[in-house]
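Here are the chains, one letter per residue:
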Amino acid sequence: QTLVDNAGPIGEVNFVWYELDAGGSITGDVQSPQGMEAARAAGLRIVPSIQNAGFNREAVAAIIHDPARRAQHVQDLVALVTANGFDGLDLDYESLNPEDRDDFSLFVEELAAALYARGKLLSIAVHPKTSEPGTWNGPQAQDYARLGAAVDEFKIMTYDYHWSTSEAGPIAPLDWVDQVLTFAATVVPPEKTYLGVPFYGYDWTGSTGEPLNWRQATKLASQNNAKLQRDASSGEAWFTYGDGRHTVYFNDAETLRQRLQSAFERHPTLAGVAIWALGGEDPENWTIISQADRKENRRQ
């Protein structure tokens, strides 16, 4: 429904339909023919995502380090895209190890070449970092320069600064996002870089956070007569409830307004934004995005 109601500023949809399972097989299918038809009718690029199931590193490693299996996986992915008439593929293989870095880059380069040969595009979701190689295994496995050179769309997941197993806190502080984008611009053309924008939040109890969307967060605040506050570092709304045992941070339209203003003032040539995820978001988000889109078009 979000796609139908707000197709104007949306250029591409990444349906999360496919997974690489532990045995190295691709699972999934077109789970919503109606959604695909609606996206096509709206003129959107259909570039579904494939993830390593459970973000299992071993499933990816077993393929990329074996030239024969890597070549077969590339062939299978290209066949998936062409058989379904997709416009391309969004690759979301996460939580790899530093020793996977070179062969993962090689795999992406080979996949990109095979897709391009058939007129298809390649998008990739990458972990955020502010320098090479990165501060933990996930980003250390991703060579920004090589990956950025290979793909059409370089989508940086600039969120989860605080996450489901951390202490409570802002999901995407603006200065940290700026540092990630500033570094990325030194190795990847900003014109193919997309700012990852969170539409979600977390409800933390201690260091355990449960994800929730705007609709769920605002309902929870209302049910508990919670006082909404605004985090200065991120623009995110937050509140506590349950005698302070629970802390909720979430993203609303005001957060988005501050986030887009900060990012595009500092990085005016970014390709756009990549949203995670649609559904249950603040409906005013689309007003903010449409205004930003019109402003960008005026600049061009």
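This text follows the structure it describes.
Residues numbered from 1 in each chain as written. Predicted model: local features only at pLDDT ≥ 70, side-chain atom pairs only at ≥ 80, totals over all residues. Heavy atoms only, no water.

Colleague: I'm lost on the side chain of Asp92 in this one. Help?
Modeller: Mapped onto the elements of the fold, Asp92 is located in strand S6 (residues 88-92). No salt bridge is formed by the buried Asp92. Its closest oppositely charged neighbour is Lys155, at 10 Å. Side-chain polar atoms of Asp92 contact the side chain of Gln51, separated by 2.9 Å. In contact with Asp92, other than residues within four places in its own chain, are Ile50, Gln51, Asn52, Phe55, Ala125 and Met157. (Helix = DSSP H or I, 4+ residues; strand = E, 2+ residues; numbered from the N terminus. Buried < 20%, exposed > 50% of the residue type's maximum accessible area, 1.4 Å probe, protein only. Lys, Arg positive; Asp, Glu negative; His and termini not counted. Salt bridge = Lys/Arg side-chain N within 4 Å of Asp/Glu carboxyl O. Polar contact = N/O pair within 3.5 Å; in protein donor to acceptor, adjacent residues only side chain to side chain. Contact = heavy atoms within 4.5 Å.)

Colleague: I'm lost on the nonpolar core in this one. Help?
Modeller: Across soluble globular proteins, nonpolar side chains show a tendency to be buried alongside one another. Formed by 63 residues in total, the largest nonpolar core has its most connected members in Leu91, Phe104, Phe107, Val108, Leu111, Ile124 and Phe154. Here this core gets 7 residues from one element, more than from any other, and that element is helix H5 (residues 101-116). With sequence-adjacent residues up to four places away left out, Phe154 is seen in contact with Ile124, Val126, Tyr144, Leu147, Gly148, Val188, Lys192, Thr193 and Tyr194. In this structure, Ala217, Leu220, Tyr241 and Val248 belong to the second largest nonpolar core, which totals 10 residues. (Core = buried A, V, L, I, M, F, W, Y, C linked by side-chain atoms within 4.5 Å.)

Colleague: For this particular structure, what's the right way to read the environment of Ile289?
Modeller: Within the element layout of this structure, Ile289 appears in helix H11 (residues 285-299). Filtering out sequence-adjacent residues up to four positions away, Ile289 remains in contact with Pro9, Phe199, Leu256, Leu260 and Ile275.

Colleague: What's the story with unusual backbone geometry in this structure? I'm lost.
Modeller: The omega torsion of the bond from Glu132 to Pro133 falls at 5°, within 30 degrees of zero and hence cis. Here Pro133 lies in the loop between strand S7 (121-126) and helix H6 (137-140). Cis geometry is adopted by the peptide bond preceding Ala277, which originates at Trp276 and carries an omega value of -5°. Even without being a glycine, Ser95 presents a positive backbone phi close to 60°. Within the fold, Ser95 resides in the loop between S6 and H5. Residues other than glycine seldom take positive phi values, yet Asn225 does so here, at roughly 50°. Residue position: Asn225 is located in the loop between helix H9 (214-223) and strand S12 (229-230).

Colleague: Even after reading the chapter, I still don't get the pattern of salt bridges, so can you show me in this structure?
Modeller: If the charged atoms of two oppositely charged side chains come close together, the side chains can form a pair. Applying the stated criterion across every chain, the model contains 20 salt bridges. The residue Arg45 makes a salt bridge to Glu12 at a minimum N-O spacing of 2.9 Å. One end of the pair, Arg45, is in strand S4 (residues 45-46); the other, Glu12, is in strand S1 (residues 12-13), with 33 residues separating them in the sequence. For Glu12, a relative accessible area of 15% corresponds to the buried category.

Colleague: What exactly am I supposed to notice about the packing of helix H3 (residues 57-64) against helix H4 (residues 67-84) here?
Modeller: Axes are the key here: two packed helices are described by the angle between their axes and the distance separating the axes. In the contact formed by H3 and H4, the axes pass within 6 Å of each other and the chain directions differ by 105°. Classified by the interaxial angle, the pair formed by H3 and H4 is roughly perpendicular. Here Ala62, Ile63 and Ile64 of H3 lie close against H4, whose contacting residues are Arg69, Arg70 and His73. For the contact of H3 with H4, a count of residues per class yields 3 nonpolar, 1 polar and 2 charged. (Axes fitted to C-alpha atoms, helices over the stretch in contact; angles between N-to-C directions. Parallel < 35°, antiparallel > 145°, perpendicular 65-115°, else oblique. Nonpolar A, V, L, I, M, F, W, Y, C, P; charged D, E, K, R; others polar.)

Colleague: Hey, could you run me through H5 in this one?
Modeller: Turn by turn, an α-helix covers 3.6 residues, leaving residues three or four places apart pointing in a common direction. If you check H5, its first and last C-alpha atoms are 22 Å apart, about what 16 residues at 1.5 Å a residue would give, namely 22 Å. Residues of H5 that are buried: Arg101, Phe104, Ser105, Phe107, Val108, Leu111, Ala112, Ala114 and Leu115. Elements that come into contact with the buried residues of H5 comprise H3, H4, S6, S7, H6 and helix H7 (144-150). (Expected span 1.5 Å × (residues − 1).)

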